[in-house]
Amino acid sequence: MRRLLIAGNWKMHKNKAEASAFAQELKGKISQLSENVDIAICAPFTQLDTLIEALGDEKRVLIGAQNAHYEDAGAFTGEISIPMLKEVGVDLLIIGHSERRQYFGETDETVNLKLKRILKEEDINPILCVGESLEIRESGEENSFVESQIVAAFKDISAEDAKRITVAYEPIWAIGTGKTASSQQAQDMCKVIRQKISDLYSDAVSDEVIIQYGGSVKPANAKELLSMEDIDGALVGGASLKVEDFVGICTAK
Ligand code: 13P
């Protein structure tokens, strides 16, 4: 039985005081969460230590970063490496978010390199983002596009390691637009992703992989999305910035 993983992606939001206030408020609500839900906050690098200090003992809340380089060290001005994040104590790392692909030159190849590097660390697990643009959806090519992202991302990754990858299906047209994919559209693509992972490995592997939906998830639509067979959680942007909304999503199912 797969557990649910609800992860907040704060993107480039919140200063230290705001992160600290969020953590304190969230701490007071953790008892409302059901046992079969894991929750996570993926914060800007400079707020990771604040969250880990505030929530580190709360085994219920995983802390994640939103990007890292695939090299351990070197002349890469402005980058952060996976060993650096390990030292800080992160549990999760988002890789291949569409905003990184769109604005910062992330490619299928760098996504694969980053995944392979993270998987060398036993205690950091990746959230791999995939998803099509509106143009691709309108052309009817969305399934083959997302399948090709999955094939490229999982290249040369063992079955044991593949099980540790959470996949977040985030259609670009639904991110930050208020336009959520219908629960059926989201379910259909999450099923395509699970089938592709089964083709690459086996049903046993694909049954274990957590597949999230992301794109304008809110307390009001979370229950329906999370009730779909192949949707095992959510990657939440805007609605993860307020504790009330985030907890509303975490307790929706
Ligand atoms: P929104 O929930 O703001 O649409 O963002 C989704 C997202 O990109 C999460 O990674």
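Everything that follows concerns the structure shown earlier in this document.
Values in this document were obtained by computation on a predicted structure and should not be read as measured data. Residue positions within a chain follow its written sequence, with the count starting from 1. The predicted nature of this model means local features are confined to residues of pLDDT at least 70 and side-chain atom pairs, given and counted, to a pLDDT of 80 or more, with totals for whole chains, interfaces and linings taken over all residues. Just so you know, side-chain values use all the structure's heavy atoms and leave hydrogens and water out.

*Asks:* Tell me what's going on with the site of the ligand, and back it up with residues and numbers.
*Replies:* Around the ligand, the neighbouring residues are Asn9, Lys11, His97, Glu170, Ala174, Ile175, Gly176, Gly215, Ser216, Leu235, Gly237 and Gly238. Histidine 97 is positioned with one of its side-chain polar atoms (N or O) 2.8 Å from an oxygen atom of the ligand. Here glutamate 170 contributes a side-chain N or O atom positioned 2.9 Å from an oxygen atom of the ligand. For every accessible area listed, the method is Shrake-Rupley and the probe measures 1.4 Å; residues are considered covered only by the protein chains on display. Surface burial for the ligand is 94%, taken as the share of its 310 Å² of free accessible area covered by protein chains. For the shell around the ligand, the residue count by class is three nonpolar, seven polar and two charged. We call a residue near a molecule or strand whenever a single non-hydrogen atom of that residue lies within 4 Å of it. The term polar contact refers here to a pair of N or O atoms within 3.5 Å; inside protein, the definition further demands a hydrogen-donor-capable atom paired with an acceptor-capable atom, and it admits residues adjacent in sequence only when both atoms are side-chain atoms. Residues are grouped as follows: nonpolar covers Ala, Val, Leu, Ile, Met, Phe, Trp, Tyr, Cys and Pro; charged covers Asp, Glu, Lys and Arg; every other residue, Gly included, is treated as polar.

*Asks:* Describe the pairing of strand S1 (residues 4-9), and please don't skip the residues or the numbers.
*Replies:* Along S1, six of the six residues are buried, which leaves the element largely enclosed by surrounding structure. Accessibility here uses a 1.4 Å probe with only protein chains present; expressed as a share of the type maximum, an area under 20% marks a residue as buried, one over 50% as exposed, and anything in between as partly exposed. Comment: elements are numbered from the N terminus, with helices defined as DSSP H or I runs of at least four residues and strands as E runs of at least two. Residue alternation in S1 divides its side chains into two sets, Leu4, Ile6 and Gly8 and Leu5, Ala7 and Asn9, and both sets are buried. In this structure, S1 lies alongside strand S2 (residues 37-42), joined through six bridges in parallel fashion. Opposite isoleucine 6, over in S2, you have isoleucine 39 as the bridge partner. You can see the chain leave S1, run along helix H1 (residues 16-27) and come back into S2, and the turn it takes is right-handed. Pairs of strands are assigned from DSSP output, requiring at least two bridges between the strands. A right-handed crossover is one whose linking path, passing over the helix from the first strand to the second, runs clockwise when the strands point away from the viewer.

*Asks:* Tell me about the nonpolar core, residues and numbers included.
*Replies:* Leu128, Val167 and Ile193 are the most contacted members of the largest nonpolar core, which totals 70 residues. Considering every element that reaches this core, the biggest residue donor is helix H9 (residues 183-200), with six residues. Two residues form a contact once any of their heavy atoms are found within 4.5 Å. For isoleucine 193, the contacting residues outside a window of four places in its chain are Val130, Val146, Ile150, Val167, Tyr169 and Ile211. If you look at the next biggest cluster of nonpolar residues, it comprises eleven residues, including Ala7, Ala40, Ile94 and Leu235. Take the buried Ala, Val, Leu, Ile, Met, Phe, Trp, Tyr and Cys residues and link them wherever side-chain atoms come within 4.5 Å; each set so joined is a nonpolar core.

*Asks:* Describe the pattern of salt bridges, listing the residues and the values that go with them.
*Replies:* Whenever a carboxyl oxygen of Asp or Glu lies within 4 Å of a side-chain nitrogen of Lys or Arg, that contact is scored as a salt bridge. Counted according to the given criterion, the structure contains 20 salt bridges. The salt bridge involving lysine 11 is made with glutamate 99; its shortest N-O contact spans 2.8 Å. Here lysine 11 is found in the loop between S1 and H1, whereas its partner glutamate 99 is found in helix H4 (residues 98-103), with 88 residues between them in sequence. For lysine 11, a relative accessible area of 21% translates into the label partly exposed. Classification of glutamate 99 by relative accessible area gives partly exposed; the value is 23%. Between arginine 137 and glutamate 132 there is a salt bridge; the shortest N-O distance is 2.7 Å. Relative accessible area serves as the criterion here: at 18%, arginine 137 is assigned to the buried category.

*Asks:* Residues and numbers for the sheet that holds S1, please.
*Replies:* The strands making up a sheet associate through hydrogen bonds between their backbones, and the pairing can be parallel or antiparallel. An order of S1-S2-S3-S4-S5-S6-S7-S8 is seen for the eight strands of this closed barrel, with the pairing classed as parallel. In this sheet, neighbouring strand axes are inclined to one another by 25° on average, regardless of whether the strands run parallel or antiparallel. Examined bridge by bridge, strand S4 (residues 92-95) and strand S5 (residues 125-130) share four bridges and lie parallel to one another. Looking across to S5, one finds that isoleucine 95 is bridged to leucine 128. Convention adopted: a line fitted to C-alpha atoms gives each axis, helices being fitted over their contacting stretch, and angles between N-to-C directions are expressed from 0 to 180 degrees. Packing against the sheet, H9 makes contact with S5, strand S6 (166-169) and strand S7 (211-214), and its axis sits at approximately 145° to S6.

*Asks:* Now, about the packing of H1 against helix H12 (residues 243-250): what can you tell me, with residues and values included?
*Replies:* Where H1 meets H12, the closest approach of the two axes is 10 Å, and the angle between their N-to-C directions is 45°. With respect to H12, the axis of H1 lies oblique. For the pair H1 and H12, the crossing hand works out as right-handed. Residue-level contacts link Phe22, Glu25 and Leu26 of H1 to Val243, Phe246 and Val247 of H12. In terms of residue class, the contact of H1 with H12 is built from five nonpolar, no polar and one charged. An angle below 35 degrees is read as roughly parallel, one above 145 as roughly antiparallel, one from 65 to 115 as roughly perpendicular, and any other as oblique. Take the far helix as your reference; a near helix turned counterclockwise from it by less than a right angle gives a left-handed crossing, and one turned clockwise gives a right-handed crossing.

Just geometry here; none of it tells us what the structure is for.
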